[in-house]
Amino acid sequence: MTTWTADTAGNGQYADVNGINLYYETHGEGRPLILLHGGLGSGEMFGPVVAQFADHHQVILVDLQGHGRTADIDRPLDVALMADDIAALIDHLGLDRPDVVGYSLGGGVAWHVAFRHPEKIGRLVAASANIKRSAIYPEMLGQQGQVSAAAAEFMKDTPMYQLYQRVAPRPEDFPQLLDKIGAAMAKDFDFTEEVRAVQVPTLVVAADADMAPPSHYVEVFGLLDGGQRDGGWMAEGRPAGGHALAILPGLTHYNLFLSPLFSAVAVDFLDQEKN
């Protein structure tokens, strides 16, 4: 079992943006960094590593639609719509091109901020975020197909359920969240062309035993001009857009976000000078 919760009482604030009352917390000081959690979780998932992000950055830890302390609203769980929430939060807080780091669902949202609002952000880290549904292992697609309100009773011993019951404004909405997550995962998607057009310097991160094979994330890196040639003595052969790839050893989709390796490579990338 992976512990998803931290010993925090929730000392954040709410921003009324884009039709949703979005919960966020601020940690540390420095260049702003928006940190986005995975599905069925909340910002508290990052409890073990948030201090590493906050060491040199002002971390804005957001609870996405229907997750954590952000109540659901009457719309689907859609990464594009949630990306618009983040863009609206950037404007609401008056942030100057913050970096965006997202894991899993949050990684999908982060990608879409780069697709839809590239002028609002600096650098992007997309961790364990698949850009096409067909890349996901077939057995995982089968498991995703079982996610619905009917599964709520069977999830009462999981960290996802326990976190939701502890912090959600309406704990009784957990079955509704499962229905929405299940519907979102059932939809086909392929963001190949959108990734190919990304201009924001991007770090693609994955575990070496992730939800899709490492080759998928190498393919994503290739869309960003990565892995096409020798890097050169002076790094002149690296991707022109400043993009990078990290496959993290000994990790899975379900513990990458807790690993100091994840925070270390993300912070190292974010702190590099922009090309």
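First, a word on what this report is: a plain description of the structure on this page.

A word on the overall build of the chain
Within the chain, the regular secondary structure consists of nine helices and eight strands. Relative to a compact globule of 275 residues, whose C-alpha radius of gyration would be 19 Å, the chain shows 18 Å and is just as compact. The dimensions of the chain, computed from C-alpha atoms along their principal axes, are 55 × 40 × 30 Å. The buried share of the chain, taken over its 275 residues, is 54%. Restricting the contact set of the chain to residue pairs at least 6 apart, pairs at least 24 apart contribute 76%. For the chain, the accessible area works out to roughly 12000 Å², and carbon and sulfur atoms hold 52% of it. The averaged location of the 35 negative side-chain charges in the chain is 3 Å from the averaged location of its 18 positive side-chain charges.

Section: the pairing of strand β7 (residues 202–209)
Taken across its eight residues, β7 has six buried, putting it largely inside the fold. The sheet contact formed by strand β6 (residues 124–127) and β7 spans four bridges and is parallel. By the bridge assignment for β7, Ala127 is matched with Val205. With six bridges connecting them, β7 and strand β8 (residues 244–252) associate as parallel partners. Within β8, the residue paired with Ala209 across the bridge is Thr252. For the crossover that starts at β7, traverses helix α8 (residues 214–223) and ends in the parallel β8, the hand is right-handed.

Considerations on the sheet that holds β6
Pairing is mixed across the open sheet formed by eight strands, whose spatial order is β1-β2-β4-β3-β5-β6-β7-β8. Single-partner strands in this sheet number two, and they are β1 (13–17) and β8. Across the sheet, the axes of successive neighbouring strands diverge by a mean angle of 25 degrees, strand direction being ignored. One ladder, built from five bridges, connects strand β2 (residues 20–27) with strand β4 (residues 57–63); its direction is antiparallel. Paired with Tyr23 across the two strands is Asp63, which belongs to β4. Lying over the sheet, helix α9 (residues 260–270) contacts β3 (31–36), β4, β5 (99–103), β6, β7 and β8, oriented at roughly 170 degrees with respect to β8.

A short note on the environment of Gly237
By secondary structure assignment, the location of Gly237 is in the loop between α8 and β8. For the pair Gly237 and Asp225, spaced 12 residues apart in the sequence, the C-alpha separation amounts to 9.8 Å. Beyond its immediate sequence surroundings of up to four residues, Gly237 is in contact with Arg229, Asp230, Gly231 and Gly232.

Quick look at the nonpolar core
Here is a general trend for soluble globular proteins: nonpolar side chains tend to be buried in one another's company. Ranked by size, the top nonpolar core spans 54 residues in total, and within it Ile34, Leu36, Val62, Ile86, Trp111, Phe174 and Val195 carry the most contacts. With seven residues, the single largest contributor to this core is helix α3 (residues 105–116). Every residue in contact with Val62, bar those within four places of it in the chain, is listed here: Leu22, Tyr23, Tyr24, Ile34, Leu35, Leu36, His37, Gly43, Ile86 and Leu89. Formed by 29 residues, the second largest nonpolar core is a distinct cluster that contains Val59, Val125, Ala127 and Leu203.

Some thoughts on the side chain of His253
With respect to the helices and strands, the residue His253 is situated in the loop between β8 and α9. You can call His253 buried: its relative accessible area is 4%. At 3.0 Å, the side chain of His253 and the side chain of Ser104 are in polar contact. Reaching out from His253, the side chain makes a polar contact with the side chain of Asp210 at a distance of 2.7 Å. With near-sequence residues (within four places) excluded, His253 lies in contact with Tyr103, Ser104, Ser128, Ala207, Ala209, Asp210 and Met211.

Cut-offs used in this document
Residues numbered from 1 in each chain as written. Predicted model: local features only at pLDDT ≥ 70, side-chain atom pairs only at ≥ 80, totals over all residues. Heavy atoms only, no water. Helix = DSSP H or I, 4+ residues; strand = E, 2+ residues; numbered from the N terminus. Rg over C-alpha atoms; globule rule 2.2 N^0.38 Å. Buried < 20%, exposed > 50% of the residue type's maximum accessible area, 1.4 Å probe, protein only. Contact = heavy atoms within 4.5 Å. Areas by Shrake-Rupley, 256 points an atom, 1.4 Å probe, with all protein chains shown as cover. Lys, Arg positive; Asp, Glu negative; His and termini not counted. Charge placed at Lys NZ, Arg CZ, Asp CG, Glu CD. Pairing = 2+ DSSP bridges. Right-handed = clockwise from strand over helix to strand, strands pointing away. Axes fitted to C-alpha atoms, helices over the stretch in contact; angles between N-to-C directions. Core = buried A, V, L, I, M, F, W, Y, C linked by side-chain atoms within 4.5 Å. Polar contact = N/O pair within 3.5 Å; in protein donor to acceptor, adjacent residues only side chain to side chain.

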